[in-house]
Amino acid sequence: MKFSLDLSALPIDPDFLKRHEQEFRKLLDQEMLKTRARIIASDTAGQQAEGGGLKPYSSSYRAAIDKGQVAGKEPGNHTPNLTATGVLHRSLTIEQGSGLGEVRMFFNGSHPPRQKVQHPQKRVKAAHKRREKQGLAPLAPHKHARAAKGAGKTLGKGAAPAKRRSGGGRGSTQNAVIAQAQYDMGRTGWFTFSTEDLERIQRKLGDLVARLFFK
């Protein structure tokens, strides 16, 4: 998943663009950085680019949140905001495109595999088995809670099932695949320019062209 700003599609003289390449590149980088910041802010608030809410979580995922099994989600927090681990947003990368006056934003790298959360009772049973193998006495009842310590560790939110794999550790998944999976399941409208973004960029470009033309 990626999108870009490409000045070649605008009615700007190529020679003029080439003469002032550095000024245009600087502006595009700045505006894409602003767009990235807006995307992250909108996502964190559970909003699409144009302000509508993101598709709600499934009932099973909400139940997992309420059991404390989802990283970054307190029980009762059912607002989809794509921030369970923070990896997806941190992976957003901006780079120069192949053409003159083009800059791109995309998801870079891969997301680590999510960790399974063990139920407290299963954790206690596992502790009993370990002690039995070591020839130790079973845990006293008052130590069960201690044996189950860490059972509330959260489960990192991963992508919907995806076949493509990438580097970054066994079982890791490309961040771009995770982002696309959100769109495929209907959680759309967030990785894109908003109308306000486009109006701001168009205004800044107009100001820059006028300043350079009359320089």
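Fair warning: this is a prediction, and the values are worked out from it, not measured in the lab.

Peer 1: When you look at helix H2 (residues 21-44) in this model, what are you seeing that I'm missing?
Peer 2: Residues spaced three or four apart along an α-helix point in a common direction, a consequence of the helix completing one turn every 3.6 residues. Taking 1.5 Å of rise per residue, 24 residues should cover 34 Å, and H2 covers 35 Å from first to last C-alpha, within 8% of that figure. Turning to H2, its buried residues number three or more, namely Phe-24, Arg-25, Leu-27, Leu-28, Glu-31, Met-32, Thr-35, Arg-38, Ile-39, Ser-42 and Asp-43. Here the buried face of H2 lies against strand S1 (2-6), helix H1 (14-19), helix H4 (87-90), strand S2 (92-96), strand S3 (102-107) and helix H8 (195-213). Of the residues trailing H2, Gly-46 is marked for its positive phi of about 75°.

Peer 1: Help me out: how do you make sense of the environment of Ala-64 in this one?
Peer 2: Turning to its location among the elements, Ala-64 is positioned in helix H3 (residues 59-66). Measuring from C-alpha to C-alpha, the distance between Ala-64 and Pro-75 comes to 8.5 Å, with 11 residues separating the pair along the chain. Those residues within four positions of Ala-64 in sequence are excluded, and the remaining contacts are Gln-69 and Val-70.

Peer 1: Honestly, the layout of surface pockets in this entry has me stumped. Any pointers?
Peer 2: There is about 290 Å³ of room inside the largest pocket. What lines the largest pocket is a set of 14 residues, and nearest its centre among them are Leu-7, Leu-10, Ile-201, Gln-202 and Leu-205. Going through the elements one at a time, S1 and H8 are the ones with two or more residues in the lining of the largest pocket. Take the lining of the largest pocket: its biggest share by element is six residues, from H8. Taken together, the residues that form the lining of the largest pocket break down as 10 nonpolar, three polar and one charged.

Peer 1: In this structure, what is going on with the pattern of salt bridges? I would like to understand it.
Peer 2: Side-chain pairs of opposite charge can arise where the charged atoms are in close proximity. Under the defined criterion, the tally for this structure stands at seven salt bridges. For Arg-200, the salt bridge goes to Glu-31, with nearest N and O atoms at 2.5 Å. Note that Arg-200 is positioned in helix H8 and Glu-31 in helix H2, a separation of 169 residues in sequence. You can call Arg-200 buried: its relative accessible area is 15%. Looking at Glu-31, the relative accessible area reads 1%, which means it is buried. Here the residues in one salt-bridge network are Glu-31, Lys-34, Arg-38, Asp-197, Arg-200 and Lys-204, joined through shared partners.

About the thresholds
- Residues numbered from 1 in each chain as written.
- Predicted model: local features only at pLDDT ≥ 70, side-chain atom pairs only at ≥ 80, totals over all residues.
- Heavy atoms only, no water.
- Helix = DSSP H or I, 4+ residues; strand = E, 2+ residues; numbered from the N terminus.
- Expected span 1.5 Å × (residues − 1).
- Buried < 20%, exposed > 50% of the residue type's maximum accessible area, 1.4 Å probe, protein only.
- Contact = heavy atoms within 4.5 Å.
- 1 Å grid on protein atoms, 1.4 Å probe; cavity = no way out; pocket = protein on both sides within 12 Å on 5 of 7 lines; lining within 4 Å.
- Points joined across faces, edges and corners; volume = space filled by probe spheres on them.
- Nonpolar A, V, L, I, M, F, W, Y, C, P; charged D, E, K, R; others polar.
- Salt bridge = Lys/Arg side-chain N within 4 Å of Asp/Glu carboxyl O.

Remember, this is a structural readout, not a statement about activity or role.
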